[in-house]
Amino acid sequence: MASVSFRHVWKRYAGNTVAVKDLNIEIADKEFLILVGPSGCGKSTSLRMLAGLEEISEGEVLIGDRVVNNVAPKDRDVAMVFQSYALYPHMTVYDNMAFGLRLRKTPKNVIDERVRDAAKSLGIEHLLDRRPRQLSGGQRQRVAVGRAIVREPAVFLMDEPLSNLDAKLRVEARSFISKLHQRLGTTFVYVTHDQVEAMTMGTRICVMSAGELQQIDTPYNLYHNPRNIFVAGFIGSPSMNFFDGTLRIQDGGVVVDTAGFQIKIPAAKAEPFRARASNGERVILGVRPEDIHDAEYLPTGITPALIEANVDVVEQMGNEIILYLEDGGKTFISRTDPRTRARVGNRIGVALNIDNMHIFDADTQLSLAYEYKQAQPEKA
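As the structure is a computational prediction, the values presented were derived from the model and not from experiment.

What counts and how
- Residues numbered from 1 in each chain as written.
- Predicted model: local features only at pLDDT ≥ 70, side-chain atom pairs only at ≥ 80, totals over all residues.
- Heavy atoms only, no water.
- Helix = DSSP H or I, 4+ residues; strand = E, 2+ residues; numbered from the N terminus.
- Buried < 20%, exposed > 50% of the residue type's maximum accessible area, 1.4 Å probe, protein only.
- Contact = heavy atoms within 4.5 Å.
- Core = buried A, V, L, I, M, F, W, Y, C linked by side-chain atoms within 4.5 Å.
- Phe/Tyr/Trp six-rings, centres within 6.5 Å; stacked < 30°, edge-to-face > 60°.

1. Concerning the side chain of Thr340
Then, number 1: Inspection of the secondary structure puts Thr340 in the loop between strand E18 (330–336) and strand E19 (347–353).
Then, number 2: Using a relative accessible area of 3% as the deciding quantity, one classes Thr340 as buried.
Then, number 3: Residues within four places of Thr340 in sequence aside, it is in contact with Asp294, Tyr297 and Ile321.

Encoded structure:
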């Protein structure tokens, strides 16, 4: 078992292209850490530097207490599952799983025991004599995982292993990999562009953009306390709605003025914004679609701000309805009660749950509440 550390790690390519910028991450032993972000954000490059498949331009990568910058991939005690699975087409499932152990000159009886134990745990023991072309996508994925398991590595590395599976298989595979992590009790580092995978599988998530780490936190905190607009918009589906606004003091309280409506911030939550409101600073208001409701069907226990909006599109999802709304030239999305009677062309009452709203600095795009919290001295 082992911890993993990225310490001021950079990756530069020829032509001054920077793929990873000053990456600092501490991954605890037995943790399931997810690197997530859009294509080109540097997540796969970071994983490949950890695996030894990419050279590190600057900084250090540690596995346990050992700096592995100049250690060959085969000597790093890691096992990697690739997006393509990288199975040898001319070999049987058994031989694919045994191949790495044979290269290490592991005794035959140990190889056989590990392969058969791994195959049984993955539910593929009946496939050991088949070749990859005879397997479904889900079966190939399990063979690739099995090949990693038999090596008994200190760290498992997974680079978008579910991206080639259909929607139903992805759901099954997410559960399978999560259970595998619990059973093995080994450190997992997992790369994906799919925020649903990240939120449902990881103990912590690193959100990356343009080579930089934006925020590392638990799924709950990323969703409820995003550090900036990028994290807020990337985590959650449909994406968070954003409204340009201005903070102002009104009747002793703090309000957010937008082009279409005004919202008073609850007094208990107004302190982080009061100084900026006195200066009339520009902000961006963020409200998730699930916090925008048809006013006819308000959930209990929320603090609503009532506005009106035109219905542009209605998407029937069965358990909920997605409304595309427009007001004052601004389009935004609501995930609302399936009983709603809203139809295209209607003008309806809409309630924003202001208990869950987010306010960001218009220039830095940082969350004002997050910045305020970080600036407070820790309580003893």
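2. Quick notes on the nonpolar core
Then, number 1: Among the nonpolar cores identified, the biggest contains 46 residues, and Ile34, Met97, Val115, Val145, Ile177, Tyr190 and Val207 are the most heavily contacted of them.
Then, number 2: If we skip the residues at most four places from it in the chain, Ile34 touches Tyr190, Thr192, Glu197, Ala198, Met201, Gly202, Arg204, Ile205 and Cys206.

3. Considering the packing of aromatic side chains
Then, number 1: With the rule as written, the count across this model stands at eight aromatic pairs.
Then, number 2: With 5.3 Å between their ring centres and 40° between their planes, Phe32 and Phe188 make a pair best called tilted. Taken together, the positions of Phe32 in strand E3 (residues 32–36) and Phe188 in strand E8 (residues 187–192) put the pair 156 residues apart, joining distant regions of the chain. Neither Phe32 nor Phe188 differs from the other in exposure class; each is buried.
Then, number 3: Their ring planes at 65° and their centres at 5.4 Å tell us that Phe243 and Phe332 sit as a pair that is edge-to-face. Of this pair, Phe243 sits in strand E11 (residues 241–250) while Phe332 sits in strand E18; the two residues are 89 residues apart in sequence, bridging distant segments of the chain.

4. Quick look at helix H1 (residues 43–51)
Since there are 3.6 residues in each turn of an α-helix, residues three or four apart along the chain are aligned in direction.
Then, number 1: Most of H1 sits inside the fold, with seven of its nine residues counted as buried.
Then, number 2: Buried within H1 we find Lys43, Thr45, Ser46, Leu47, Met49, Leu50 and Ala51.
Then, number 3: Trailing H1 by a residue or two, Gly52 shows a phi angle of about 90°, which is positive.

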